[in-house]
Amino acid sequence: MGKADFLSPKAISNRIKSKGLQKLRWYCQMCQKQCRDENGFKCHCMSESHQRQLLLASENPTKFMDYFSDEFKSDFLELLRRRFGTKRVHNNIVYNEYISHREHVHMNSTQWETLTDFTKWLGRKGLCKVDETPKGWYIQYVDRDPETIRRQEEQARKKKQELDDEERSAKFIQEQVRRGMDGKEAEVSSDRPKPDWMNRTKAAEFILPSSVSPAGPARLHRTQT
Ligand SMILES: [Zn+2]
């Protein structure tokens, strides 16, 4: 690899990425301490502060279990959200991906005995929609991010606005059609049912002059007869 290649943005970004991975690798969960490399991690594990923390953990296992449970839950949900969005997915698929990360919190240090326990808990807390099938449990992330909720509301509002507009223009077209019909009433025999092209769904068949206004002359052209 030439010097130019070595300094290319891609190469630099790759180095940063690989560093990033390494960063997570030598992390002491209990002390929340990041070590630089394997050697640093070994040194940390023999350090007084780590040993003290170990002692604390053994004296107060609940506190640490709470901590690990919280980490497990957060990481699991973050993975689910990032990889699958709000799609329904088998809990095992997410779990297998989760444990493939080296630095993952092990389930045996959490409050949950099994993945099923955890899944049911997610459902009870309303963090996920969960359902049991003969093939096992499925989960679906529930997005409670205020920004997402705001966006969804905005979309619903726009959709409603569009429907209202559509309805208004359909009414307008119907009105134009009615006016146009008034002049041709004689041509339509009375026993014919209401022509279906008057329905709003067929409105697209008409070409309205762009300058048409309710006050203007009702000029309409049918494209097909
Ligand atoms: Zn430690």
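Going by the structure above, here's the rest.
Residues numbered from 1 in each chain as written. Predicted model: local features only at pLDDT ≥ 70, side-chain atom pairs only at ≥ 80, totals over all residues. Heavy atoms only, no water.

A.B. asks: So what about the overall build of the protein? Which residues, and what values?
C.D. replies: Along its length, the protein carries 8 helices and 7 strands. Within the protein, contacts between residues separated by at least 24 positions form 48% of all contacts whose residues are at least 6 apart in sequence. With an accessible surface of roughly 16,400 Å², the protein has 52% of that area assigned to carbon and sulfur atoms. (Helix = DSSP H or I, 4+ residues; strand = E, 2+ residues; numbered from the N terminus. Contact = heavy atoms within 4.5 Å. Areas by Shrake-Rupley, 256 points an atom, 1.4 Å probe, with all protein chains shown as cover.)

A.B. asks: Let's hear about the nonpolar core: which residues, and what values?
C.D. replies: Among the nonpolar cores identified, the biggest contains 26 residues, and Phe72, Phe76, Leu80, Val94, Phe118, Leu122 and Ile139 are the most heavily contacted of them. Counting residues per element, this core draws most heavily on helix α5 (residues 61–84), at 9 residues. Discounting chain neighbours no more than four positions away, the residues touching phenylalanine 118 are Phe72, Lys73, Phe76 and Trp112. (Core = buried A, V, L, I, M, F, W, Y, C linked by side-chain atoms within 4.5 Å. Buried < 20%, exposed > 50% of the residue type's maximum accessible area, 1.4 Å probe, protein only.)

A.B. asks: Can you tell me about the packing of α5 against helix α6 (residues 91–99), naming the residues and giving the values?
C.D. replies: Between α5 and α6, whose axes approach to 10 Å, the crossing angle comes to 110 degrees. Classed by the angle they form, the pair α5 and α6 counts as roughly perpendicular. Where α5 crosses over α6, the two elements pack in a sense that is right-handed. For the pair α5 and α6, contact is made by Phe72, Asp75, Phe76, Leu79, Leu80, Arg83 and Phe84 and by Asn91, Ile93, Val94, Tyr95, Glu97 and Tyr98, respectively. Looking at the contact of α5 with α6 residue by residue, the class counts come to 9 nonpolar, 1 polar and 3 charged. (Axes fitted to C-alpha atoms, helices over the stretch in contact; angles between N-to-C directions. Parallel < 35°, antiparallel > 145°, perpendicular 65-115°, else oblique. Left-handed = near helix turned anticlockwise from the far one by under 90°. Nonpolar A, V, L, I, M, F, W, Y, C, P; charged D, E, K, R; others polar.)

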